[in-house]
Amino acid sequence: VGRGRAFMSEQPLVRPPRLVTAILRRLLRGPLGDEALADLDAEHGRVAERHGRFVATAWYTGHLLLPATWRLARALRGSEGRAALNAWGGVTRASGKAGRRRHLPAVSWIDVKLGLRMLVKYPGLTLVSGFAMAVTIAIAIGVFTMFQDFLLRPVVPLEEGDRIVSLGMLRGERQLTYRQLLHDFEVWEREFESVEELSIWRSHYANVIGPDGAGRMESFAMMSAAGFEVARVPPLLGRPLLEADERPGAAPVVVIGYRDWTDRFRADPDVVGQTIQIGGEAHTIVGVMPEGYGFPVAALRWLPFEDDPQDFAVMETPYRYYAFGRLAEGVSMESAQAELTTINARRAAESPDTHEHIRARVMSYTDAHTGMDNAGGLFIVRITMAVLTLLVLVPFVNVAILIYARTATRVGELSIRNALGAGRGRIVAQLFIEALVLASVSSVAGVALVIYGFEYIDSLLAGVGDGGGMPFWTSRGRDPWAAAYVVSLTLLAALVAGVIPGLKATGGGVQGRLGMAASGTGMRLGGAWTALVVLQVATTVGILPFAASMGWQLIGLGMTRPTFEAESLIAGHLGNPATAVSIAAELDAFGDPEERAAARLRTRLAVEEVVRQLDADGRVAAVTHSSQLPGTLFGGSALYEVQGITPPDERPAHRVAGQMAVAPDFFTVIGVSPTSGRDFDAVDSEAEAPPIIVNQAFVDQILGGANPLGRSIRRYREGDGDPAPWQEIVGVVDNLVLNPTHPERVESRMYTPLDLEAIGHGAFLVVRTPGNAQSFVPELRKIVTGVDPTLVLGLVTQLGDLGGVLNSMIAAGALAFGIVLASGLLLCAAGVFSMMSFSVTQRRREIGVRSALGAMPGQVLRRVLGRSLKQVALGVFAGLVIVWVIPEINADGIIIDASAGPVAFVALVMVIVGLLAAIGPAR
């Protein structure tokens, strides 16, 4: 017996939730409140015994929402009346029996199975609603994950990652981010004590030359050795970088990532000690980092940090640097900021010319890489997230309309349930569970879409070949916050799509409302629901064409193709990273001008030698070079003045989409001849004001088809500065690219002779081969590497694929955008159909009375259709007003407007939907 009692005492009791108990105890104070809680706890045990722990917990928690609980709480605060306690106790006891259904309906597996059966029973509604929910949830989760990972709450997945901080500088009155902090880092290393293991890094690009002699440009993180101490992640093989590796004269070493180890070295366990040629030097591999390690951002390979501040003037470095470290033990970010501010103030006093308007900052590690280092940006992001959440409600409301219309067809079933004892709460709970099942299935599909989307983006970024893809701290939607957001969206969808129709269907007395509905006289939509027809039609007609126009433009950009024969042409950027770290106009401001000039001269001579060798190669038909590739995205638009031509909108200058510098033989190599005028010659690039060749779109859009030859054009400059020199138009060529979706919207382009001096900053090499151009890429890389191992050849692509990875991403985005538009149109059409069909169905008694009084079927049909079409016509009219009010938007060549075709198509679709919705039930 003793052992039995001991055994019994050790069994866990079914206790109510402690948090709920604490809240109730706080509400119901005093002896009578304790008595009420004791009764409630006892009843909780009986409910758990009969229906299980989950139902008991839900029943117990539901008392927080019962009006009786709050009435008792007020009564106990005024006078602890026994009547109030007895009344509340009666509610509590009744809730354990039949009365329980009226206050907190129990949920069982049968309800879930019924919800699954409803999905099968109404396949049309399931497909339309599920598709719309899945797309909506996928968009919301994708945007939330991107904001969460990059902006709002990025988590550094390292040991004590929250104590890793970045150091940065803000410059000028606008407090813009400034990354030329190499000299300041030298001071911080000596004086800043609040941050330990202070480190610095920058991006570096160089050729990795394989055994076949072909080089491929790849990215490196040139990072000081302390960066590995900050990360606290041991190498998988070998060792990390050391301070000794950074000293002048040290042997060249490199640490490689897991992907390089498995792809390039076949996961060789003896890889440490082997060499890899980077640029002109052989580097010894000293370590391999584990899988998933990409510190500091998305690194794949690591080199010792070798930049010496003595080689550059203060704040005149050509690279963007990032400084970071760990907060010292017991030091907060605020105290670290105070110390850094003191150091910065001393620097400003010593060097007012360079540091007078500089503010140094200590920030979260990821803020330096996400741009969220100011309160204004954070506020905008949070507002955007709030607006996104509100927009999510729109499709959910449409689904609620569909479900409400379906509920109208189930009034007989709901009436029987009510007659058998199911109260309003139980019926609403059942509808909520059915909507929850639909929302859960949609959420799973939405999450799958998001995961596939992130994997697709990763594959595209990996295809670029010179980067590591997304930052290492991104969760891609797999973190607890994203999971909580998915659950919240699912519950929100179920509440909007299940509870609202349920409350609407059962309002005004469950039995009376359902009885009227069963007889065909209840469950009317009412003015507010009917107004949604007009609102949905207006929104669809007024907004959807603009969205479709933008999506169609994006599809066109993704499908842009050249108008010339490009199958035998390959192109890639050729240059030296040391001379291509900034735009050409700013290079002379960094470092020693003579060294920069010498580096540019070496690059120019190397490019010319590559061109000479390719010309002599029998496998090459022709070779040329240009500043950009002839794609639709090769340059930003700018304002130009054309002599004798005034812009039609009275602006001071025309907007030309882009300018491109080409070698004299560029058009000949790609197989294009001027349609009028002449081509460039060898002396054009030496002229003080070089001539210009324009495309046909320039002639049509800016000159109105007039002869351009002999006209002068110059870059428009605002203010009183010296105007740009006039340049003469000497030739016209056909448009080099075609947008298949909008062939008439080819952007105006200008072509200038390529200055030979500019080749020192790099150029795009264009090669034509007699056979398969893509097969010549390895040989092209060998030739480039043989001329100069430091000369990098970027991603080489067939010229027919003008945009490469960028166009692929645009096309993928356009496809996703099209899916969103299709779901929006489908859902709006389904919502309008359901509401109008339901409205006509509810007029069955009126139609019967009219028929009994002698009305002919045609008369009744015309009357019913007329009333329905009035709503659609009003919505179409309001949509046309929206189209008329919203102006055309021109975003650097992407013209977003609502042309007559899409507007007429959407309006016709909505009218047909309205007719189909009304004519079926009316017949």
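Note: the structure precedes this text.
Since this is a predicted model, take the numbers as computed values, not measurements.

What counts, and where the lines are drawn
Residues numbered from 1 in each chain as written. Predicted model: local features only at pLDDT ≥ 70, side-chain atom pairs only at ≥ 80, totals over all residues. Heavy atoms only, no water. Axes fitted to C-alpha atoms, helices over the stretch in contact; angles between N-to-C directions. Helix = DSSP H or I, 4+ residues; strand = E, 2+ residues; numbered from the N terminus. Parallel < 35°, antiparallel > 145°, perpendicular 65-115°, else oblique. Left-handed = near helix turned anticlockwise from the far one by under 90°. Contact = heavy atoms within 4.5 Å. Nonpolar A, V, L, I, M, F, W, Y, C, P; charged D, E, K, R; others polar. Buried < 20%, exposed > 50% of the residue type's maximum accessible area, 1.4 Å probe, protein only. Pairing = 2+ DSSP bridges. Patch = residues over 30% accessible without salt bridge, like charges linked within 9 Å, V, L, I, M, F, W, Y side chains within 5 Å. Areas by Shrake-Rupley, 256 points an atom, 1.4 Å probe, with all protein chains shown as cover. Salt bridge = Lys/Arg side-chain N within 4 Å of Asp/Glu carboxyl O.

Novice: Now, about the packing of helix α27 (residues 844–852) against helix α28 (residues 857–885): what can you tell me, with residues and values included?
Specialist: Running from N to C, α27 and α28 point in directions that differ by 150 degrees, and their axes come no closer than 11 Å. Regarding the angle of α27 to α28, the classification is roughly antiparallel. Handedness of the α27/α28 crossing: right-handed. Between α27, through E846, I847, R850 and S851, and α28, the contact on the second element is made entirely by V860, R863, V864 and R867. Of the residues assigned to the contact of α27 with α28, the class counts are three nonpolar, one polar and four charged.

Novice: Which residues make up the environment of V792, and what values go with them?
Specialist: Tracing the chain through its elements places V792 in strand β25 (residues 792–793). By relative accessible area, V792 is classed as buried at 5%. V792 sits 587 residues away from Y205 along the chain, and the two C-alpha atoms are 8.3 Å apart.

Novice: Would you mind going over unusual backbone geometry in detail, with residue names and values included?
Specialist: Following F295, the chain continues into P296 via a peptide bond in cis, with omega recorded as 15 degrees. Turning to its location among the elements, P296 is positioned in the loop between β8 (281–288) and β9 (301–304). A positive phi is found at R266, a non-glycine position, where the angle reads about 55 degrees. In this structure, R266 sits in the loop between α12 (258–263) and β7 (275–278). Overall, R266 belongs to the exposed group, its relative accessible area being 72%.

Novice: I'd like a rundown of the pairing of strand β24 (residues 763–768), residues and numbers included.
Specialist: Counting buried residues along β24, six of its six residues qualify, which places the element largely inside the surrounding structure. Of the strand pairs in this sheet, strand β13 (residues 569–575) and β24 are connected by six bridges, and their pairing is antiparallel. Of the residues in β24, the one forming a bridge with L574 is A763. With five bridges connecting them, strand β14 (residues 622–626) and β24 associate as antiparallel partners. Bridge pairing in β24 places V623 opposite V767.

Novice: Tell me what's going on with a nonpolar patch on the surface, and back it up with residues and numbers.
Specialist: A grouping of F833, L908, I912, L916 and I919 is seen on the molecular surface, where their side chains present a nonpolar patch of about 430 Å² in accessible area. In terms of residue count, helix α29 (residues 900–922) provides more of the nonpolar patch than any other element does, four residues in total. Following the sequence through the fold, L908 ends up in helix α29.

Novice: Summarise the pattern of salt bridges; cite the residues concerned and give the values.
Specialist: On inspection of all chains with the given rule, the structure shows 21 salt bridges. Close ionic contact of R326 with E160 constitutes a salt bridge, the shortest N to O distance being 3.8 Å. Pair noted here: R326 is in strand β10 (residues 322–327) and E160 is in the loop between α9 (123–152) and β1 (164–171), with a separation of 166 residues, a long-range link. The exposure class assigned to R326 is buried, which follows from its relative accessible area of 2%. The class for E160 is partly exposed, based on a relative accessible area of 41%. Across the pair E779 and K782 runs a salt bridge whose closest N-O atoms are separated by 3.7 Å. Taken together, the positions of E779 and K782, both in helix α25 (residues 777–787) and three residues apart, correspond to about one turn of that helix. The class of K782 is partly exposed, set by a relative accessible area of 31%.

Read these as layout, nothing more, since geometry by itself doesn't imply function.
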